[in-house]
Amino acid sequence: MFKLLAGHARQLPQLRVVLLLMVLLGTVVVWGGRTQLTVVTAKSAPSPSAVSSPVLPVPEHRCVECHSDITDTFRSVPHARTLARAAQDDVLDGFSGQSFLNPLSKVDFHYRHQGDRLLVSTPAYAREMTVAWVFGSGTHARTPLITYIDSEGKTSSIEHSVSWYPDSQLGVTLGMETLEESNGVLCLGVPRTPAETVNCFGCHCTHIAVADGQILFDEILPGVGCARCHWNTTRHVQEMDLGLPATIERFKELTPQESIDRCGECHRRASEMGGEITTDDKTLPRFASVGLVQSACFKRQSDVLRADGEPMRLDCTNCHNPHQPTSQDWRVHTSVCLNCHDNGEKRARDCTIATRDQNCLPCHMPKLPANEHLSFTDHWIRVREEKKNDVLP
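How each quantity is defined
- Residues numbered from 1 in each chain as written.
- Predicted model: local features only at pLDDT ≥ 70, side-chain atom pairs only at ≥ 80, totals over all residues.
- Heavy atoms only, no water.
- Pairing = 2+ DSSP bridges.
- Helix = DSSP H or I, 4+ residues; strand = E, 2+ residues; numbered from the N terminus.
- Axes fitted to C-alpha atoms, helices over the stretch in contact; angles between N-to-C directions.
- Buried < 20%, exposed > 50% of the residue type's maximum accessible area, 1.4 Å probe, protein only.
- Contact = heavy atoms within 4.5 Å.
- Disulfide = S-S within 2.5 Å.
- Arc of directions from axis to C-beta.
- Polar contact = N/O pair within 3.5 Å; in protein donor to acceptor, adjacent residues only side chain to side chain.
- Salt bridge = Lys/Arg side-chain N within 4 Å of Asp/Glu carboxyl O.
- Core = buried A, V, L, I, M, F, W, Y, C linked by side-chain atoms within 4.5 Å.

1. Quick notes on the sheet that holds strand β4 (residues 99-101)
Two pairing modes exist for strands in a sheet, parallel and antiparallel, and in both the strands are linked by backbone hydrogen bonds.
Argument step 1. If you walk across this open sheet you meet the 4 strands as β4-β5-β6-β7, and the pairing is antiparallel. The open sheet has two free edges, formed respectively by β4 and β7 (125-131), since each of these has just one partner strand. Strand after strand, the sheet turns through a mean of 20° between neighbouring axes, direction not considered.
Argument step 2. Pairing of strand β6 (residues 117-122) with β7, which is carried by 4 bridges, proceeds in the antiparallel orientation.

And the structure:
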């Protein structure tokens, strides 16, 4: 019955009434000629992330129909540009015709493009390799990924040891500064298993299809789109089409920990760090979602009350509107600090060495270098060791 309805829903308008009733029990989803039965009830938990769904997510143009004010600005957000085909002009501009000498391994790399392919060659390896995909929006870096089919017929990859940085320079990829391989395939970068390769694409796209271990590259939807973070967009559009009260998952309806962990799916979760988390870990600033939950500001947020008596809330979205580029004005971010820190009753204590019109960030959330090209803001909000003697009791 379900297949019959799915196959003829467009031809039989009278089925609209039937489908309306079916939403209460289950919904037939048809995208691009594929049929998938998805159970949708009022008490259903959010569906898995669209990136791993067997059904293609809602096309972006459906979101634009009602939310153009959001989608128009989102196009300029780094998340929307975090995966690119190597043939894109802005990607080729950074690599094609360029050379780079690894200062440690002394391996010399050369880049050129041919048609829609970016090619990398080096005297240290006999074959010229094709790069089809480049990861990163360019806000921090862009790193090529060399993909290939391994001996088991699965998609594996090599994360290239050279990246493009916003200072218009090629440099060693973050985390590969100690790579010493001077010949053979390993001089190209770090091999990634099929599972790791799928995870790489999974965090940089809205949808990825895999069949028998091979990534179906023609079906990838590059960049993080609406359905990647809002897990119930399919249900939301179904409800709108059928004239039902519409629901959409909102981060503010999650707990602060759930909300941060949703970002942490790609930006790392504290539970995935593999041991005790300490301030001595120099890689920590790279993982904002891990640092934030270590902060007293996060752990004690319920102790601070708003003017209406409700507890304060702290998650990533306090400072980062996910639909807009992050503001570079420090006043925007320190205003979030001042929402809690004013020494009032049931409020957080005020800073003892700075006035309220000064910048909190250099002391409590400084930018720390990750390599010669990159710096990351340390999101473990705290009084730094070097500042403790300056703070009055």
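Read on, since the account is not over.
2. Details of the pairing of strand β11 (residues 162-165)
Working note: regular strand, side chains alternate between the two faces of the sheet.
Argument step 1. Residues Val162 and Trp164 of β11 are buried on one face, and the alternating residues Ser163 and Tyr165, pointing to the opposite face, are buried as well.
Argument step 2. Taken together, the 4 bridges between β11 and strand β12 (residues 169-172) define a ladder with antiparallel strand orientation. In the sheet register, Trp164 faces β12, and the bridge partner there is Leu170.
Argument step 3. Counted along the chain from β11 to the antiparallel partner β12, the turn is 3 residues long, and its residue Ser168 has a positive phi close to 65°.

3. What about the environment of Ser156?
Argument step 1. Structurally, Ser156 can be placed in strand β10 (residues 155-160).
Argument step 2. Residues Ser156 and Gly213, spaced 57 residues apart in sequence, show a C-alpha to C-alpha distance of 9.2 Å.
Argument step 3. Ignoring any residue separated from it by four or fewer positions in sequence, one finds Ser156 in contact with Ile146, Thr147, Tyr148, Asp150, Arg192, Thr193, Pro194 and Thr197.

4. Notes on the state of the cysteines
Argument step 1. Tallied over the full model, the rule gives 1 disulfide.
Argument step 2. Here Cys203 pairs with Cys266 through a disulfide, and the sulfurs are 2.3 Å apart. Linking Cys203 and Cys266, the disulfide has an S-S dihedral of approximately -95° and is accordingly described as left-handed. With Cys203 in the loop between α5 (194-202) and β14 (205-207) and Cys266 in helix α8 (residues 256-267), this residue pair connects regions lying 63 residues apart in the sequence.
Argument step 3. Assessed through its relative accessible area of 23%, Cys203 is described here as partly exposed.
Argument step 4. Under the relative-accessibility criterion, Cys266 is labelled partly exposed at 37%.
Argument step 5. For the unlinked cysteine Cys63, the closest cysteine sulfur is that of Cys226, found at 3.7 Å.

5. Here we look at the sheet that holds strand β9 (residues 143-149)
Argument step 1. Pairing is antiparallel in the open sheet, where 5 strands are placed in the order β3-β8-β9-β10-β13. Either end of the sheet is taken by a strand with one partner, and the two such strands are β3 (83-85) and β13 (189-192). Taken pair by pair, the neighbouring strands of this sheet meet at an average axis angle of 30°, ignoring direction.

6. Regarding helix α11 (residues 330-338)
Argument step 1. Among the residues of α11, His333, Thr334 and Val336 are the ones counted as buried. The arc that holds the buried residues of α11, viewed along the axis, is 145°, so those residues lie on one side.
Argument step 2. Where α11 is buried, its residues touch α12 (361-364).
Argument step 3. Backbone nitrogen of Arg331 and a side-chain oxygen of the N-cap are separated by 3.0 Å at the start of α11; the cap is Asp329.

7. Looking at unusual backbone geometry
Argument step 1. Positioned with a positive phi, Arg268 is a non-glycine residue whose angle comes to about 90°.
Argument step 2. Note on Arg268: relative accessible area 31%, which makes it partly exposed.
Argument step 3. Phi is positive for Lys346, which is not a glycine, with a value near 55°.
Argument step 4. Note that Lys346 resides in the loop between α11 and α12.
Argument step 5. A relative accessible area of 52% means that Lys346 is categorised as exposed.

8. A short note on the environment of Asp218
Argument step 1. With respect to the helices and strands, the residue Asp218 is situated in the loop between β16 (214-215) and β17 (221-222).
Argument step 2. Spatially, the C-alpha atom of Asp218 lies 9.3 Å from that of Ile208, the residues being 10 residues apart in sequence.

9. Let's talk about the pattern of salt bridges
As a working rule, side chains carrying opposite charge can pair if their charged atoms are close by.
Argument step 1. Tallied over the entire structure, the rule returns 18 salt bridges.
Argument step 2. Note that Arg75 is salt-bridged to Asp72, the shortest N-O span being 3.0 Å.
Argument step 3. A salt bridge links Glu272 to Arg269, with the nearest nitrogen and oxygen atoms 4.0 Å apart.
Argument step 4. For Glu272, a relative accessible area of 40% puts it in the partly exposed group.
Argument step 5. Residues participating in the shared-partner salt-bridge network are Arg62, Glu65 and Asp241.

10. Comments concerning the nonpolar core
Argument step 1. Within the largest apolar cluster, 25 residues are counted, with the highest numbers of intra-cluster contacts made by Phe95, Phe109, Tyr111, Leu118, Val120, Val131 and Leu170.
Argument step 2. Ranked by residues supplied to this core, first place goes to helix α4 (residues 89-95) with 3 residues.
Argument step 3. Contacts of Leu170, omitting those with residues within four sequence positions, involve Gly94, Phe95, Gln98, Ser99, Phe100, Tyr111, Val162, Ser163, Trp164 and His373.
Argument step 4. Counting residues in hydrophobic clusters, the runner-up holds 9 residues, among them Phe135, Leu145, Ile215 and Ile220.

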